[in-house]
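Below, each chain spelled out in residue letters.
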Amino acid sequence: QSPLDLNPPARILIVGLHGAGKTTTSAKLALRLKKEGRRPLLVACDLYRPAAIDQLATLAKQIDVPIYTPDASEKDVVKVAKDALVWSENQNGTVVIFDTAGRQEIDERLVEELKRLHTFLNPKETLLVADAATGQQAVSVATHFDEAVGITGIILTKLDGDSRGGAALSMRAVTGKPIKFAGEGEKLDQLFEFHPNRMADRILGKGDIVGMVEQVAANVNEEDAMRSMK
């Protein structure tokens, strides 16, 4: 398990292929940081899919986190990032999360855009959102993104499916980068710290008991529980 580097200026760049769950994961991460007492800000940097900007804006509203959305005609992602940083100075935030565009597969244009954005932002964390269900394909994706922008960690999504996360082992082995979080489920509070021993138990077919206890603890009010017990 490896914590996030949130020393100022705390900037987190979220990258990954289209469909891996980047936009939802950006919101999940913002909510998680908010619950930890930080003041996250979201920035929509996907200039290709207007729906992605709308989606992030809707999620930001649900979790009550300020968001910067670019003008619909904007095509330059670095300009968006610049404007967002100016905006963020008046927002009293402590960590800024940038959600970027994805493609069906890695192509030159995507890589070039990400490199420009990464160079400009110089983020403390560049997190790759990868779909656990894609298995070994996720490994080559991780390698490509790591070569392009130097990822600092991985967030595995869709771990609630049948896949037990074998890809997690391969991704860690091939890139040497830690898996920082795991997304399990659609709800915005379903982003959990990644714990290797729990994943090992899961791959070996044992249940994640500690995870279950944590979920129960998070959802059960202690006073209510004491009352029921009495």
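Residues numbered from 1 in each chain as written. Predicted model: local features only at pLDDT ≥ 70, side-chain atom pairs only at ≥ 80, totals over all residues. Heavy atoms only, no water.

## Looking at the overall build of the chain
Scanning the chain from terminus to terminus reveals nine helices and eight strands. Rg of the C-alpha trace for the chain: 18 Å, near the compact-globule value of 17 Å for 230 residues, within the 12% margin. Seen along its three principal axes, the alpha-carbon backbone of the chain occupies a region of about 60 × 40 × 30 Å. Buried positions account for 47% of the 230 residues belonging to the chain. (Helix = DSSP H or I, 4+ residues; strand = E, 2+ residues; numbered from the N terminus. Rg over C-alpha atoms; globule rule 2.2 N^0.38 Å. Buried < 20%, exposed > 50% of the residue type's maximum accessible area, 1.4 Å probe, protein only.)

## Thoughts on the nonpolar core
Ranked by size, the top nonpolar core spans 43 residues in total, and within it Phe-98, Leu-128, Phe-145, Leu-156 and Met-171 carry the most contacts. Look past the residues within four positions of Met-171 in its chain and what remains in contact with it is Leu-128, Ala-130, Ala-138, Val-139, Ala-142, Ile-154, Leu-156 and Gly-176. Ile-14, Ala-20, Ile-97 and Phe-181 belong to the second-largest nonpolar core, a separate cluster that totals 27 residues. (Core = buried A, V, L, I, M, F, W, Y, C linked by side-chain atoms within 4.5 Å. Contact = heavy atoms within 4.5 Å.)

## Concerning the pairing of strand 1 (residues 10-15)
Where burial is concerned, most of strand 1 is hidden: five out of the six residues are buried. Across five bridges, strand 1 lies against strand 4 (residues 95-100) in parallel orientation. Note on strand 4: the bridge partner recorded for Ile-12 is Ile-97. Relative to strand 5 (residues 125-131), strand 1 is paired through four bridges, and the arrangement is parallel. What sits directly across from Leu-13, in strand 5, is Thr-126. (Pairing = 2+ DSSP bridges.)

## So, a nonpolar patch on the surface
On the surface, Met-212, Val-216 and Val-220 cluster together into a nonpolar patch covering about 270 Å² of accessible area. Relative to the elements of secondary structure, Met-212 occurs in helix 8 (residues 209-219). According to the relative accessible area criterion, Met-212 is exposed, its value standing at 52%. (Patch = residues over 30% accessible without salt bridge, like charges linked within 9 Å, V, L, I, M, F, W, Y side chains within 5 Å. Areas by Shrake-Rupley, 256 points an atom, 1.4 Å probe, with all protein chains shown as cover. Salt bridge = Lys/Arg side-chain N within 4 Å of Asp/Glu carboxyl O.)

## Some points on helix 3 (residues 77-88)
Between its first and last C-alpha atoms helix 3 spans 16 Å; for twelve residues at 1.5 Å apiece the expected length is 16 Å, and the two agree. Those residues of helix 3 that are buried lie in contact with strand 1, strand 2 (40-45), strand 3 (67-68), strand 4 and helix 4 (108-121). Its side-chain oxygen 3.0 Å from the backbone nitrogen of Val-78, Asp-76 forms the N-cap of helix 3. (Expected span 1.5 Å × (residues − 1). Polar contact = N/O pair within 3.5 Å; in protein donor to acceptor, adjacent residues only side chain to side chain.)

## Considering the sheet that holds strand 7 (residues 179-183)
Strand order in the open sheet formed by eight strands is 3-2-4-1-5-6-7-8, and the pairing between neighbours is mixed. Either end of the sheet is taken by a strand with one partner, and the two such strands are strand 3 and strand 8 (191-193). Bridge count for strand 6 (residues 153-157) against strand 7 is three bridges, and the pairing is parallel. From the neighbouring strand, Leu-156 faces strand 7, where its bridge partner is Ala-182. Docked against the sheet, helix 1 (residues 22-35) engages strand 1, strand 2, strand 4, strand 5, strand 6, strand 7 and strand 8, running at close to 170 degrees with respect to strand 4. This element, helix 2 (residues 50-63), spans strand 2, strand 3 and strand 4 of the sheet and lies at about 165 degrees to strand 2. (Axes fitted to C-alpha atoms, helices over the stretch in contact; angles between N-to-C directions.)

The values reported here are purely geometric and, on their own, carry no functional implication.
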